[in-house]
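# Per-entry structural report
Each chain, written out:
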Amino acid sequence: MGLKTFTVHRFNPDTGELGAVEYRVPGTVGSVLDALTYLRQHVDGDLQFRCSCVAVRDTRCGLCAVIINGKPRLACRTPLRNGMEVAPLRQPGPLRDLVVDHGYALRRLRDLGLCASAPPQAWPARVVQPPGRRQLMGCTDCLGCISTCPTYSTGGSFGGPYEFVKLAQLWLNDRDTGDRLAQANSLGIERCDGCRACYCVSGVPIVKQAILPMLKAARERAPV
Amino acid sequence: MPSPVYDVVCIGGGAAGAVAAVTASAAGARVALVSKEPVGGGNTKISRGAMCVPGLVAGDSAEVMAQDIVRCGEGMSNPKIVAQVTSTAAEAAALLESMGLVFDREGDGELSRAVLKQTGGHSFPRTVEVATRGAAWNQALRTGIAASAVDVFEDTIAGKLVVHDKRVCGVLALDLQRGEVLRLAAKAVILATGGAGFLFYPHADNATTVTGDGYALAFEAGAELVDMEFIQILTIEGGWFKSRVRLLNRDGEEVLPNLGRQTRAQITAAFAREMARGKLSDDGALLFDPADGKSPLVPVWPRVHTFLGGVRVNEKGRSTVPGLYAAGETAGGLQGADRLGSSALTQALATGITAGKWAAEERHRPAPSPLEGSDGLDISTNGTVRQTKLIHELQAAAWGNLGLLRSSASCQKALDIVGRIQAQIPDISATPTRGYNAGVAEALELKFMATTARLVAHAALARAETRGSHLRTDFPDRDEALGRCNFVLSRQGDDVKVRAEPVGSTTWD
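About the thresholds
- Residues numbered from 1 in each chain as written.
- Chains lettered and ligands numbered in written order.
- Predicted model: local features only at pLDDT ≥ 70, side-chain atom pairs only at ≥ 80, totals over all residues.
- Heavy atoms only, no water.
- Helix = DSSP H or I, 4+ residues; strand = E, 2+ residues; numbered from the N terminus.
- Rg over C-alpha atoms; globule rule 2.2 N^0.38 Å.
- Buried < 20%, exposed > 50% of the residue type's maximum accessible area, 1.4 Å probe, protein only.
- Contact = heavy atoms within 4.5 Å.
- Phe/Tyr/Trp six-rings, centres within 6.5 Å; stacked < 30°, edge-to-face > 60°.
- Lys NZ or Arg CZ within 6 Å of the ring centre and 35° of its normal.
- Polar contact = N/O pair within 3.5 Å; in protein donor to acceptor, adjacent residues only side chain to side chain.
- Expected span 1.5 Å × (residues − 1).
- Bend = angle between axes of the 7 residues up to and from the residue.
- Buried area = accessible area lost by both parts, 1.4 Å probe.
- Salt bridge = Lys/Arg side-chain N within 4 Å of Asp/Glu carboxyl O.
- Pairing = 2+ DSSP bridges.
- Axes fitted to C-alpha atoms, helices over the stretch in contact; angles between N-to-C directions.
- Parallel < 35°, antiparallel > 145°, perpendicular 65-115°, else oblique.
- Left-handed = near helix turned anticlockwise from the far one by under 90°.
- Nonpolar A, V, L, I, M, F, W, Y, C, P; charged D, E, K, R; others polar.
- Core = buried A, V, L, I, M, F, W, Y, C linked by side-chain atoms within 4.5 Å.

## Focus: the overall build of chain B
- Check the secondary structure of chain B and you find eleven helices and 19 strands.
- What you see for chain B is a C-alpha radius of gyration of 22 Å, in line with the 23 Å of a compact globule of 509 residues.
- With the C-alpha coordinates aligned to their principal axes, the bounding extent of chain B is approximately 65 × 55 × 45 Å.
- Expressed as a percentage of the 509 residues in chain B, the buried residues total 66%.
- A fraction of 73% describes how many contacts in chain B between residues 6 or more apart in sequence connect residues 24 or more apart.

## Quick look at the packing of aromatic side chains
- Inspection of the entire model under this criterion finds eight aromatic pairs over all chains.
- Both rings, one in W123(A) and one in F103(B), keep their centres 6.1 Å apart while their planes meet at 85°; by these two values the pair is edge-to-face. Of the two residues, W123(A) sits in the loop between helix 2 (103–111) and helix 3 (131–136) while F103(B) sits in the loop between helix 4 (79–98) and strand 4 (127–128), which places them in two different chains. There is no split in this pair, since W123(A) and F103(B) are both buried.
- With centroids separated by 5.8 Å and ring planes inclined at 75°, the aromatic side chains of F158(A) and F164(A) adopt a geometry described as edge-to-face. The pair formed by F158(A) and F164(A) is uniform in burial state, with each residue classed as buried.
- Among the aromatic side chains, those forming a connected cluster through ring pairs are W123(A), F103(B) and W137(B).
- Sitting over the face of the ring of W240(B), R48(B) holds its NZ or CZ atom 3.8 Å from the ring centroid.

## Quick look at the side chain of T209(B)
- Here T209(B) is to be found in the loop between strand 8 (180–191) and helix 6 (213–220).
- Within polar-contact distance, the side chain of T209(B) engages the side chain of E37(B) at 2.5 Å.
- Not counting chain neighbours up to four residues away, the residues in contact with T209(B) comprise S52(A), K36(B), E37(B), G42(B) and E445(B).

## Describing helix 4 of chain B
All names here are of chain B.
- With 20 residues, helix 4 should reach 28 Å at 1.5 Å per residue; the first-to-last C-alpha distance of 29 Å fits that figure.
- The largest bend in helix 4 comes to about 45°, at A89.
- Of the residues trailing helix 4, G100 is marked for its positive phi of about 115°.

## Here we look at unusual backbone geometry
- Cis rather than trans, the peptide bond between Q91(A) and P92(A) has omega equal to -15°.
- In this model, Y201(B) is joined to P202(B) through a cis peptide bond whose omega is 0°.
- The topology assignment puts P202(B) in the loop between strand 8 and helix 6.
- Phi at D227(B) is positive, roughly 60°, even though this residue is not glycine.
- Checked against the element boundaries, D227(B) lands in the loop between strand 9 (225–226) and strand 10 (231–234).
- On the accessibility criterion, D227(B) (0% relative accessible area) is buried.

## What about the interface of chain A and chain B?
- The partner chain B presents 63 residues to the 54 residues of chain A that form the contact.
- Between chain A and chain B, the buried area comes to about 4700 Å², and carbon and sulfur atoms account for 52% of it.
- Of all residues in chain A, L106(A), R110(A) and W123(A) give up the largest surface area on contact with chain B, accounting jointly for 17% of the area buried on that side.
- If you look at where chain A meets chain B, you find five salt bridges.
- The salt bridge involving D155(B) is made with R50(A); its shortest N-O contact spans 2.9 Å.
- On inspection of chain A and its partner chain B, the count reaches 32 residue pairs in polar contact (both at pLDDT 80 or more).

## A few points about the sheet that holds strand 3 (residues 65–68) of chain A
Residues and elements named next belong to chain A.
- Ordered in space as 2-1-5-3-4, the five strands form an open sheet in which the pairing is mixed. Single-partner strands in this sheet number two, and they are strand 2 (17–26) and strand 4 (71–74). Pairs of neighbouring strands in the sheet enclose a mean axial angle of 35°, with direction left out of account.
- With two bridges connecting them, strand 3 and strand 5 (residues 85–87) associate as antiparallel partners. Bridging across to strand 5, I68 finds its partner in V86.

## Description of the packing of helix 2 of chain A against helix 5 (residues 134–147) of chain B
- Between helix 2 of chain A and helix 5 of chain B, the least distance of the axes is 9 Å, while the angle of their chain directions is 55°. Relative to helix 5 of chain B, helix 2 of chain A is oriented oblique. The two elements helix 2 of chain A and helix 5 of chain B cross, and the hand of that crossing is right-handed. For the pair helix 2 of chain A and helix 5 of chain B, contact is made by A105(A), L106(A), L109(A) and R110(A) and by R142(B), I145(B) and A146(B), respectively.
- When the residues that make up the contact of helix 2 of chain A with helix 5 of chain B are grouped by side-chain class, the tally is five nonpolar, no polar and two charged.

## Topic: the nonpolar core
- Within the largest apolar cluster, 114 residues are counted, with the highest numbers of intra-cluster contacts made by F6(A), M51(B), F103(B) and W137(B).
- With eight residues, the top contributor of residues to this core is helix 1 (residues 15–26) of chain B.
- Residues in contact with M51(B), not counting those within four places in the same chain, are A89(B), A92(B), A93(B), F103(B), R126(B), T127(B), V128(B), W137(B), S342(B), L345(B), T346(B) and L349(B).

## A closer look at the sheet that holds strand 13 (residues 298–300) of chain B
All names here are of chain B.
- In space, the three strands of this open sheet follow the order 11-12-13, with antiparallel pairing throughout. Edge positions in the sheet fall to strand 11 (246–248) and strand 13, since each of these pairs with one other strand and no more. Within the sheet, the average angular offset between the axes of one strand and its neighbour, ignoring direction, is 35°.
- Relative to strand 12 (residues 286–289), strand 11 runs antiparallel, the two being bridged by three bridges.

Everything listed here is a matter of coordinates, which is why it stays silent on function.
What follows is the structure, given as C-alpha cells:
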C-alpha cells in the first residue's frame, strides 16, 4: 500500500497564526489519530494534540476532537484519507498545533452559573429522569459542537450548543432550583430559532433534547 | 509573587480527587485541585460508570459487602478501610446524584432489584449503572467542582511534593500551557492520581494519563506503599450479561463453569491455565460466547485494568508521612489481592470523601511558608533521547515481566531493564515551551511509570506465592503464612526496602 498525504494546520502561539504543513504517512495508518501519533513518534516529536482513551475500544473521551475538512470530528473515529485537512477546533482559543484551551469550559460553567449542587438526599431516592436528559449526560465536553455553531463566539454573551446542553441538564433535573429558562433567554436562545446547524460528534441530541425543548418552554412561559 | 497557600491541595481530577476537593471545600478548607486533563477525565470518564452500593436488596448490608470484599481480596484487605468504605458507599452515591448524575432506575423512579447487576463475588445484586457510563460521571463531577469554591488548575501536572521536617507542605507542578512551574504551599496534600495501567500499554484498558504519578510522588516523599504486587487483569466479566455467557478455549471447551459468578482473578487464572495447556486460539485469545442466540464468539485477551495496592494509608486516608493523604486507586489497603466488579468507583468516591474530610481538619494548623522560588522540577532539557522510545521499552518490559505471569527471574529482569531506562532519563530532550507541551508531561510520566514498575517488581518478587491477581510460575500455590501479611515498600536513599507487616496494621492516627 502506498503513502497517504494530508495537511495539518498547526497553531503557533508566538505568531498567533495557523501554519499549514503537509505530511506523508504509511498507507497502513488507519485513523487521523493514528496518523498524528505516527508523526509524533517518527517525524516531529513536538506535534501537539490531545488524546486519552486510545487503549480502550468502544469508548470516547472526546479529547481528540479537531476540525477535519472543515467539520469537527473525533480524530480517533475518522479514517485518514488522502488530502485531508486537519486543524484545531475553531473555538475556544487555540494553544499550540491542534490543542485548544479546554480550561475555558469549566471557567465558563462558573462564570455563567451553569452549575448547582442540591443537598444530598436520602439514598436511594425515587428519581424520574426524562429520557432526553439521560442522552444529554453523554456529553464528553469535547467542545466540538461549538465549532458547528454559526453564532457562537468565545467569551461572548450567546450561549451556544455546549452551554445550552449544560443548561438543559440542569433544567431537566427535578432537583434543580434555578430559573433555567430565564437563563436560556439571557443566553440568547431565541437566536437558535430556525438554525439547527449544531451537532455533536458523539451523537448527543443537542437540538432535539436541549435547544428545541427549552425554546418551546421559554415561549410557553413568556407573557403575551 | 509569593506562592499561594492552601489548606488542601488535591492532585488528580477524576472521581476521587474531585470528590475529595468538594468535600474538603464544603468543610471549610481552602482547596486547590491540580489535574493533568480537564476535570472529570482520566479513567473515570471512560469507565463503565457503575458502582456497588450495599443494602439495596433485602438481606444485603455494608457488613455483607465488607465480607465479600475481604473474601475477594483473599485476606489482604485492611478491615478498617473496608469498613470505612462500605459504610460510606451510600453517602457517596447520594453525593454524586446531588451533583446531577442519575443512576438508571425503573420508569416510576425506583431503584429496584431489576435494574441492579450482580457481578462475580458479590453476594447480592448491588451494582447501579448509568446509561452514558463514565461520560455521565464526568458531567456530574465537573458540575460539582464548578459549583464549589475549589481553585482549579487544569492542564497542570504535579511533579514533586515538597517536604520540610518530614511533613508534606506543598506541591511543585508544571502548568503545561505556560510552561511554568506552579508552586502551591499546602497544609495537606491528597494524592488521587489513579493507578498506573498505562505502564502496560497496549495490554491495558486505561487512559494515557494513568501513569502512577501518585505512587511515585509518594515514594519520593518518603511515604510507604503497600500491595504493589496486586494488579487486576481483566479478561471478561460475566455478571453484566443477562444470558448464560461462557468462555471457551480453541477446542470449544468451557474453561470454567458459571462465568457470571467467577471473580476476575479466577477468570484471568483460567486464561493463564489455558495458555499453559496450549489451548488459546491462533490469536492467543479465549472465546467469549454471548449466548444470546445471535452473536458470534468474541475473542478476548487479558488486559491490565486496576492497581489494587498503592500508597499505604489508614482508614482516614492518611499516609505514613504527615500532611500526605491518598484516595481512589492511588490508595492501597481496600482491595487486597483482587477486587469485585464495580467496586473501583465506590472506592474512588468513598475514599475521596473520607480523605477530603480528614485533610480539611488540617486547616487549623499554622500555615506553611510559601514555597521558595528556587524550588524547581528537574526535567531535563537539551538531551538526545526521545522519551517515546523509552516509554515503549518500559511498557513492553512491564507486560512481558510483570504482567499476566511473574517469576523471580522475570521480576529481576524487569528491575534490570527499568534501571537501564532510568539511567537514560537525564538525557531526555523535553523543553517546556509556551502554548502547550505534552512532551514535558510525558517526561515526568516516564519517570513516574519507571518508579512504579520498580515498586511492582520488588513487591512481586517478595510475594513468593500465587494469590488472587498475583500469579507466580515458580510458586504456583498459596502460602498460608504469606496470607497473614502485606508487603510494605519504602525508600531508603535510592533503594526500595521491602518488609512484611501483619494485614491491616495501619496503627497511626
